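# Per-entry structural report
Each chain, letter by letter, is given below.
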Amino acid sequence: MKKQPQKLNLKGKTITVIGGGLIGASWASLFLAAGMKVVISDPKPDIQDYFNGKLDGNIADLKKLGYTIDSDYKSHLSYVADTATAVKNADYVQENGPENPAFKQDLWQLIEANAPEHSLFLSSSSGITISQQGTKMKNSSRLLIGHPFNPPHLIPLVEILAKDNDAGVEAAMDFYHSLGKVPVLLHKETPGFVANRLQAAIFRECVSLVADGVVNVKELDDIMTASLGIRWAVGGPFVSFHLGGGDGGFPFFLHHLGPGMELIWKDEMSKPVSYDEKTTQLLDEQVKEHYGNKSLVQLAEERDVKQIELMNAFSKLG
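Right, let's walk through the structure included here.

What counts and what doesn't
Residues numbered from 1 in each chain as written. Predicted model: local features only at pLDDT ≥ 70, side-chain atom pairs only at ≥ 80, totals over all residues. Heavy atoms only, no water. Pairing = 2+ DSSP bridges. Helix = DSSP H or I, 4+ residues; strand = E, 2+ residues; numbered from the N terminus. Axes fitted to C-alpha atoms, helices over the stretch in contact; angles between N-to-C directions. Contact = heavy atoms within 4.5 Å. Buried < 20%, exposed > 50% of the residue type's maximum accessible area, 1.4 Å probe, protein only. 1 Å grid on protein atoms, 1.4 Å probe; cavity = no way out; pocket = protein on both sides within 12 Å on 5 of 7 lines; lining within 4 Å. Points joined across faces, edges and corners; volume = space filled by probe spheres on them. Nonpolar A, V, L, I, M, F, W, Y, C, P; charged D, E, K, R; others polar. Salt bridge = Lys/Arg side-chain N within 4 Å of Asp/Glu carboxyl O. Polar contact = N/O pair within 3.5 Å; in protein donor to acceptor, adjacent residues only side chain to side chain. Core = buried A, V, L, I, M, F, W, Y, C linked by side-chain atoms within 4.5 Å. Parallel < 35°, antiparallel > 145°, perpendicular 65-115°, else oblique.

## Topic: the sheet that holds strand β5 (residues 120-123)
Spatial strand order, β3-β2-β1-β4-β5-β6-β7-β8: eight strands in an open sheet with mixed pairing. This sheet does not close on itself; its edge strands, each paired only once, are β3 (77-79) and β8 (182-185). The mean angle between the axes of side-by-side strands here comes to 25 degrees, regardless of whether they run parallel or antiparallel. As paired elements, strand β4 (residues 92-95) and β5 share four bridges and run parallel to each other. Counterpart to V93 in the pairing with β5 is F121. In the packing of helix α6 (residues 166-178) onto the sheet, the strands contacted are β1 (14-18), β4, β5, β6 (143-148), β7 (157-161) and β8, and the crossing angle to β5 comes to about 70 degrees.

## Some words on the pairing of β6
The side chains of a regular strand alternate between the sheet's two faces. Burial analysis of β6 places six of its six residues in the buried class, the great majority of the element. Neither face of β6 is open: one carries L143, I145 and H147, the other L144, G146 and P148, and all of them are buried. As paired elements, β5 and β6 share three bridges and run parallel to each other. Each bridged residue has a counterpart across the sheet, and for L122 the counterpart in β6 is L144. Pairing geometry for β6 and β7, over four bridges, is antiparallel. Looking across to β7, one finds that G146 is bridged to I160.

## Observations regarding the layout of surface pockets
By volume, the second largest pocket amounts to about 500 Å³. Where the lining of the second largest pocket is concerned, the elements lending two or more residues are α1 (22-33), α2 (47-64) and α13 (296-317). Looking at which element gives the most residues to the lining of the second largest pocket, the answer is α13, with eight residues. Of the residues belonging to the lining of the second largest pocket, the class tally is eight nonpolar, six polar and six charged.

## Brief notes about the pattern of salt bridges
Taken as a whole and assessed by the stated rule, the structure comprises 12 salt bridges. The residue K74 makes a salt bridge to D56 at a minimum N-O spacing of 3.2 Å. Here K74 is found in the loop between α2 and β3, whereas its partner D56 is found in helix α2, with 18 residues between them in sequence. Residue classification places D56 among the partly exposed positions, given a relative accessible area of 41%. Each of E95, E99 and K104 takes part in salt bridges that share partners, so that together they form one network.

## Description of the environment of N216
Locating N216 in the fold gives a position in the loop between α7 (195-211) and α8 (217-225). Since its relative accessible area comes to 18%, N216 is described here as buried. Sequence-wise, N216 and Q286 are 70 residues apart; in three dimensions their C-alpha atoms are separated by 7.0 Å. Within the local environment of N216, its side chain forms a polar contact with the backbone nitrogen of K218, the two atoms lying 3.0 Å apart.

## Points about the nonpolar core
Membership of the largest hydrophobic core comes to 37 residues, with the highest contact counts inside it found for F31, V38, I40, F175 and Y176. Counting residues per element, the ones that place at least two in this core are β1, α1, β2 (37-41), α2, β5, β7, α6 and α13. Top contributing element to this core by residue count: α1, with seven residues. Residue contacts for Y176: discarding those within four places in its chain leaves W27, Q94, L122, G146, V158, I160, K181 and P183. Counting residues in hydrophobic clusters, the runner-up holds 16 residues, among them W108, I111, I130 and L186.

## Observations concerning unusual backbone geometry
With an omega of -5 degrees, the peptide bond running from N150 to P151 counts as cis. Structurally, P151 is set in the loop between β6 and β7. The backbone of D164 shows a phi angle near 55 degrees, a positive value even though the residue is not glycine. Position of D164 relative to the elements: it lies in the loop between β7 and α6. For F193, which is not a glycine, the phi torsion comes out positive at approximately 60 degrees.

## Brief notes about the packing of helix α10 (residues 236-244) against helix α11 (residues 249-267)
Running from N to C, α10 and α11 point in directions that differ by 100 degrees, and their axes come no closer than 7 Å. The pairing of α10 with α11 is recorded here as roughly perpendicular in orientation. Contacts from F238, F241 and H242 of α10 reach α11 at G249, F250, F253 and M261.

This is the structure in structure tokens:
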């Protein structure tokens with residue numbers, strides 16, 4: 001397998017996007033921006049209206065990130081409800097269906113029977129493994145996980161998992177790299193993959209700190225965005241702690257600060273945390289108090305503006 005992903009010319013290639021909801025619409029916008037022919041396969045009768053409502057905003061976001069997009073990009077978009085027909089000419093398939101193993105098993109059996117032999121099969125699933133999804137396929141090694149972080153057209157990460165398919169991994173790494181993504185190969189299956197496991201662990205502590213009355217939800221958000229959010233965006237935990245050890249590097253950090261961290265693990269992080277009625281009510285009340293003066297649409301727009309600014313800064317860092 002190649003050490004570094006290669007840049008492909010995706011213009012004119014056909015990709016079938018299974019599921020035109022939030023994730024599917026985000027993916028499809030990025031594919032259109034790359035000049036690909038995009039086929040949306042979704043049985044919902046109002047899917048075109050929903051998708052078109054998302055498309056213009058997503059494309060505007062991508063232009064702000066520096067993507068050069070053909071003015072006629074909408075002419076490369078089509079809708080085919082029937083999955084078997086939708087994948088007939090697919091070079092790539094990006095699946096975004098319900099997180100239901102039985103549904104995905106039937107879906108991939110159908111896709112495998114109707115897609116071209118060269119077609120690359122990719123699932124956006126955030127937790128259902130290849131072993132679970134591919135049970136009805138003749139060759140389940142054709143299926144790879146290509147799990148994005150939401151929204152896919154803005155957030156760079158794609159987690160890749162494969163089963164005995166080095167050629168597929170190479171093709172997936174090249175594909176996502178060519179879209180401007182940061183593809184990372186995971187070396188074994190784990191529930192939630194990596195990014196969601198990290199998110200779950202951090203949010204556990206967020207809930208614990210708010211439930212214990214240490215901070216409220218707005219204060220916690222401010223702490224995260226004004227410290228770890230910035231630090232880890234450019235360095236990540238390991239390199240940050242390596243630098244935190246000064247001239248002694250990571251060994252010095254572990255020797256001097258590791259014991260204190262272990263005490264927090266033992267004394268504070270061993271406490272049970274759950275979404276019981278009391279905790280859920282407290283979180284809900286505080287979210288409404290601190291964020292209820294704006295609609296979800298307003299909050300999302302503000303977040304996306306900041307995200308684009310950060311992504312532009314991130315790209316300049318190399």
